[in-house]
Each structure stands twice: as structure tokens, then as C-alpha cells.
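# Residue-level structure breakdown
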Amino acid sequence: MDIAILFLIIALSLLVIMFYADIFPKCSLCNRVKTRACFKIHKTSGILPGYKGNISVCRKCSRLYNIYNLNDYIKVRNIRKKAEMNVNLDL
Ligand SMILES: [Zn+2]
């Protein structure tokens, strides 16, 4: 009985660790960790586990940058990268 409960606890904790990035995703634009309900876009982009393999955009950022799908996010990311490059060149 005790061994069964222990095994159950270990299995549950492993599940939580495995799906932690899906339960609490990190926004790719504002870098904040929120619950899954706060996110509008949440997609797997690669084979890497954790935050690196996911693209997530929270509702606040999607409203701020008018992001409705993944292509909009890529556009915003490219604009940001270009702006950061220009700032670095000015310095
Ligand atoms: Zn965000």
C-alpha cells in the first residue's frame, strides 16, 4: 500500500516536471511566466523540451502587438530584432 502511494507520487511529480512548460508557459515577447489560461498562442516549435521548444504569446502581448496567429508573431519578432540591431549600431 505504502509503496503504491510512493510510486504514484513519483509518477505525478515526473508528469508535472515534464509538462511544466505547458502548464506554466513563458511569454516569448514579455518573458513572463503565467498560467496556460492567460495565453492565446501556444505551439511547439522544436524538439527541445521546456521553454525553448515552445512559442507562446500571452493575451496582453497579442492585444498590444495585434498578434492573431504565428505569422504575426514572427513578423513582430523580426521587427524587434531589426530595431535592436539599429539601437546597437547607434551606440
Ligand atoms: Zn506577453
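Preceding this section is the structure that the text describes.
Residues numbered from 1 in each chain as written. Predicted model: local features only at pLDDT ≥ 70, side-chain atom pairs only at ≥ 80, totals over all residues.

### So, the overall build of the protein chain
The number of helices and strands found in the protein chain is four helices and two strands. When its helices and strands are written in sequence order, the protein chain yields α-α-β-β-α-α. Computed over its C-alpha atoms, the radius of gyration of the protein chain comes to 18 Å, more than 25% above the 12 Å expected for a compact globule of 91 residues. Taken over the C-alpha atoms alone, the protein chain extends approximately 65 × 25 × 20 Å along its principal axes. Scored against the burial criterion, the 91 residues of the protein chain give a buried share of 14%. Here the contacts in the protein chain between residues at least 6 apart in sequence split such that 35% fall between residues at least 24 apart. (Helix = DSSP H or I, 4+ residues; strand = E, 2+ residues; numbered from the N terminus. Rg over C-alpha atoms; globule rule 2.2 N^0.38 Å. Buried ≥ 20, exposed ≤ 12 C-beta atoms within 10 Å, placed from the backbone. Contact = placed C-beta atoms within 7 Å.)

### Some points on unusual backbone geometry
Positive phi, normally seen in glycine, also occurs at Asn 31, with a value near 55°. In this model, Asn 66 sits at a positive phi of 55°, which is unusual for a non-glycine residue. Among the structural elements, Asn 66 can be located in the loop between α3 (59–65) and α4 (70–90). Given 9 C-beta atoms within 10 Å, Asn 66 falls into the exposed group.

### Some remarks on the nonpolar core
Counting residues in each nonpolar core, the largest one holds eight residues, listed as Cys 27, Phe 39, Ile 41, Val 57, Cys 58, Cys 61, Ile 67 and Tyr 73. If you list the elements that add at least two residues to this core, you get β1 (39–44) and β2 (54–58). (Core = buried A, V, L, I, M, F, W, Y, C linked by C-beta atoms within 7 Å.)

### Examining α4
A rise of 1.5 Å per residue sets the reference length of α4, with its 21 residues, at 30 Å; its end C-alpha atoms lie 31 Å apart and thus fit the reference within 8%. Buried residues are scarce in α4, accounting for one of its 21 residues. (Expected span 1.5 Å × (residues − 1).)

### Some thoughts on the environment of Arg 63
Its location among the elements puts Arg 63 in helix α3. By C-beta crowding, Arg 63 is classed as exposed, having 10 other C-beta atoms within 10 Å. Sequence separation between Arg 63 and Lys 40 is 23 residues, and the spatial gap between their C-alpha atoms is 9.8 Å.

### Focus: helix α1 (residues 2–18)
An α-helical segment advances 3.6 residues per turn. Residues three or four places apart therefore align on the same side. Between the first and last C-alpha of α1 there are 24 Å, a value that for 17 residues agrees with the 24 Å anticipated at 1.5 Å per step. Within α1, only zero of the 17 residues are buried, which leaves the element largely exposed.

### Things to note about the environment of Ala 21
With respect to the helices, strands and loops of the structure, Ala 21 is situated in helix α2 (residues 20–23). Once the C-alpha coordinates of Ala 21 and Tyr 51 are considered, the two residues, 30 residues apart in sequence, prove to be 5.7 Å apart. Setting aside chain neighbours within four positions, we find Ala 21 in contact with Gly 50, Tyr 51 and Asn 54.

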